[in-house]
Amino acid sequence: MKIKSDRQIFFKNLPHQLKSFIYRKDLTKLLPLYNSKWNPHIYGQHYQHHFAPLRTKKLKILEIGVGGYDDPLSGGDSLRMWKTYFPNSMIYGLDIVDKSSLEEERIKIFQGSQVDEVLLKKLVSETGKLDIIIDDGSHRNDHVIQTFKILFPQLNDGGIYVVEDTHTSYIPSYENWSKFCNDPSPPHWAEYGGSLDLYDSKTMINFFKRLVDCLSHQEFIHPGYTPNYFDQHIVAIHFYRNQVFIHKGDNTAPGNAVKDNVLRPEFLQEIGIKSMEELGLDFSQIDDPTKYLNKR
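Parameters and conventions
- By convention here, each chain's residues receive numbers from 1 onward along its written sequence.
- In view of the model being predicted, local features appear only for residues whose pLDDT reaches at least 70, and side-chain atom pairs are presented and counted only at 80 or more, with totals across whole chains, interfaces and linings using the full set of residues.
- The side-chain numbers reported here are obtained from all heavy atoms of the structure, hydrogens and water having been left aside.
- The numbering of helices and of strands both runs from the N terminus, where a helix is a DSSP run of H or I of at least 4 residues and a strand a run of E of at least 2.
- Any residue under 20% of the maximum accessible area for its type is buried, any over 50% is exposed, and the rest in between are partly exposed; the area is computed with a 1.4 Å probe on protein chains only.
- By definition in these notes, contact holds between two residues if any of their heavy atoms fall within 4.5 Å.
- Every accessible area reported is derived by Shrake-Rupley at a probe size of 1.4 Å, with residue values counting cover from the shown protein chains alone.
- Whenever two N or O atoms come within 3.5 Å, that pair is a polar contact, provided that in protein one can donate a hydrogen and the other can accept it, and provided that, for residues adjacent in sequence, both atoms are side-chain atoms.
- Two rings from Phe, Tyr or Trp (for Trp, the six-membered ring) form a pair when their centres are within 6.5 Å of each other. A pair whose planes differ by under 30 degrees is stacked, one over 60 is edge-to-face, and the rest are tilted.
- Nonpolar side chains (Val, Leu, Ile, Met, Phe, Trp, Tyr) within 5 Å and like charges within 9 Å form the patches, drawn only from residues with over 30% relative accessible area and no salt bridge.
- The term salt bridge refers to a pairing of a side-chain nitrogen on Lys or Arg with a carboxyl oxygen on Asp or Glu at a separation within 4 Å.
- Pairing between strands is defined by DSSP: at least two bridges between them are needed.
- An axis is simply a line fitted to the C-alpha atoms; with a helix, the fit covers only the stretch in contact. Between two such axes, the angle follows the N-to-C directions and lies from 0 to 180 degrees.
- Roughly parallel means an angle under 35 degrees; roughly antiparallel means over 145; roughly perpendicular covers 65 to 115; every other angle is labelled oblique.
- Note on convention: near helix rotated counterclockwise from far helix by under a right angle means a left-handed crossing. Clockwise means right-handed.
- Residue polarity follows a fixed list, in which Ala, Val, Leu, Ile, Met, Phe, Trp, Tyr, Cys and Pro are nonpolar, Asp, Glu, Lys and Arg are charged, and the others, Gly among them, are polar.

Draft legend 1. Inspection of the overall build of the protein chain at higher detail. For the protein chain, the count of helices and strands is nine helices and nine strands. Along the first, second and third principal axes, the C-alpha atoms of the protein chain reach 90 × 50 × 35 Å. Burial status across the protein chain gives 43% buried among its 296 residues. Restricting to contacts in the protein chain with at least 6 residues of sequence separation, those with at least 24 account for 66%. Accessible surface, the protein chain as shown: approximately 16400 Å² in total, 53% of it carbon and sulfur.

Draft legend 2. Representation of the side chain of Asn 251 within the structure. Within the fold, Asn 251 resides in the loop between strand 7 (243–248) and strand 8 (258–259). Overall, Asn 251 belongs to the buried group, its relative accessible area being 11%. Within the local environment of Asn 251, its side chain forms a polar contact with the backbone oxygen of Leu 215, the two atoms lying 3.3 Å apart. Non-local contacts of Asn 251, meaning those with residues more than four positions away in its chain, are made with Cys 214, Leu 215, His 217, Gln 218, Asp 231, Gln 232, His 233, Ile 234 and Val 235.

Draft legend 3. Looking closely at the packing of aromatic side chains. Counted under the stated rule, the structure contains 22 aromatic pairs. When the centroid spacing of 6.5 Å and the interplanar angle of 75 degrees are considered together, the rings of Tyr 229 and Phe 230 count as edge-to-face. Classification of Tyr 229 by relative accessible area gives partly exposed; the value is 28%. With a relative accessible area of 2%, Phe 230 lands in the buried category.

Draft legend 4. Molecular detail of helix 4 (residues 77–85). Restricting attention to buried positions, one finds in helix 4 the residues Ser 78, Leu 79, Met 81, Trp 82, Lys 83 and Tyr 85. Those residues of helix 4 that are buried lie in contact with helix 2 (27–30), helix 3 (40–51), strand 1 (60–64), strand 2 (90–95), strand 3 (107–111) and strand 4 (130–135).

Draft legend 5. Highlighting unusual backbone geometry. One non-glycine residue, Arg 106, adopts positive backbone phi at about 70 degrees. With respect to the secondary-structure elements, Arg 106 resides in the loop between strand 2 and strand 3. For Arg 106, a relative accessible area of 23% translates into the label partly exposed. Its identity as a non-glycine residue notwithstanding, Asp 165 has a phi of 60 degrees, on the positive side. Exposure remark for Asp 165: the relative accessible area of 8% places this residue in the buried category.

Draft legend 6. Structural context of a nonpolar patch on the surface. A cluster of nonpolar residues, Ile 221, Ile 271, Leu 279, Leu 281 and Phe 283, forms a patch on the protein surface that exposes about 420 Å² of accessible area. Structurally, the position occupied by Phe 283 is in the segment after helix 9 (265–270). Looking at Phe 283, the relative accessible area reads 31%, which means it is partly exposed.

Draft legend 7. Just the sheet that holds strand 4, in detail. Pairing within the open sheet is mixed, and its seven strands lie in the order 3-2-1-4-5-7-6. Taken across any chain shown, the strands that pair with only one partner, and hence form the sheet edges, are strand 3 and strand 6 (234–240). Averaged over all neighbouring strand pairs, the angle between strand axes comes to 15 degrees, with direction disregarded. Here five bridges tie strand 4 to strand 5 (residues 155–164), and the two strands are oriented parallel to one another. When the bridges of strand 5 are listed, Leu 130 appears paired with Leu 155. Along the sheet face, helix 4 touches strand 1, strand 2, strand 3 and strand 4 and points at about 165 degrees away from the line of strand 2. Where helix 6 (residues 141–151) meets the sheet, it contacts strand 1, strand 4, strand 5 and strand 7, and its direction lies at approximately 170 degrees from that of strand 5.

Draft legend 8. The packing of helix 5 (residues 117–127) against helix 6, seen in detail. Remark: helix 5 packs on helix 6, axes separated minimally by 10 Å, with the N-to-C direction vectors making an angle of 40 degrees. As judged from the angle between their axes, helix 5 and helix 6 are oblique. Relative to helix 6, helix 5 is oriented so that their crossing is right-handed. Packed against helix 5, whose contacting residues are Glu 117, Leu 120 and Val 124, the element helix 6 presents Thr 147, Ile 150 and Leu 151 at the interface.

Draft legend 9. Representation of the pattern of salt bridges in the model. A complete count under the given rule lists six salt bridges for this structure. In this structure, Glu 117 and Lys 121 form a salt bridge, with 3.0 Å as the shortest nitrogen-oxygen distance. Taken together, the residues Glu 117 and Lys 121, both in helix 5 and four residues apart, mark about one turn of the helix. Accessibility expressed as a relative area gives 44% for Lys 121, which makes it partly exposed.

Draft legend 10. Seen up close, the packing of helix 6 against helix 7 (residues 204–212). It is the contact of helix 6 with helix 7, at a shortest axis distance of 8 Å, that shows an interaxial angle of 35 degrees. Listed contacts from helix 7 to Asn 141, Val 144, Ile 145, Phe 148 and Lys 149 of helix 6 are Met 204, Phe 207, Phe 208 and Leu 211. Its residues assigned to classes, the contact of helix 6 with helix 7 shows seven nonpolar, one polar and one charged.

Set out below in structure tokens:
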């Protein structure tokens, strides 16, 4: 009976395995084969665009969120998909639930919270610095921001940090959920911590919008400004529907009209002055996004 069962499983999985092999180089077709992503057709095209040049390289890839919710035997589709697409890479997963039963060759899974800084640093000490990080975890705004602050420095230059499901930026926390529900635990959406205010700095989407300015920190006219880590290491940010891609590299090249955040002397001479002080400008304070604290 067991042989018959194994044969049934083999033939049941065969179409999926064949399609995975055929589409192994194309995430626009590979993603829909796996039950792991919201709207795989939208996500797939952007993943293909950013990941195709890296596909055959030997990388270390971490995905936060293994899937399958509280079932320790369920999930892992996304990790298996990355394993198929990146044939020479090691795939790591992190989940709050113990999903170690889903491990296989080139897939290793850690258990813990995505905002446990001690755990995350221990994870990286075991894996080594990472090349791709994908946050498909809790989708809580405070979690996403805190995780990025901890893990972006653990990304190699040339690496890519991806945040999925940024739509939770627009779903506010709802503390009165218990008035309408008998369940002792709140629904996930009630704890996302988004906002109806499109300019709320506490949402993940506005946090990443703030990081756009880091790309041009050399052009700030702000005497005494000290570049932060994100200023010096973010080289590109791409926004898509419910996805953000942040590329890491060296962003320390000098500015154009500005040097050390002061207008170059030749520009000052054009208006007949020798120093910025003569302009009498009032420089507003610039926040440091590396020290972002999500307080409500």
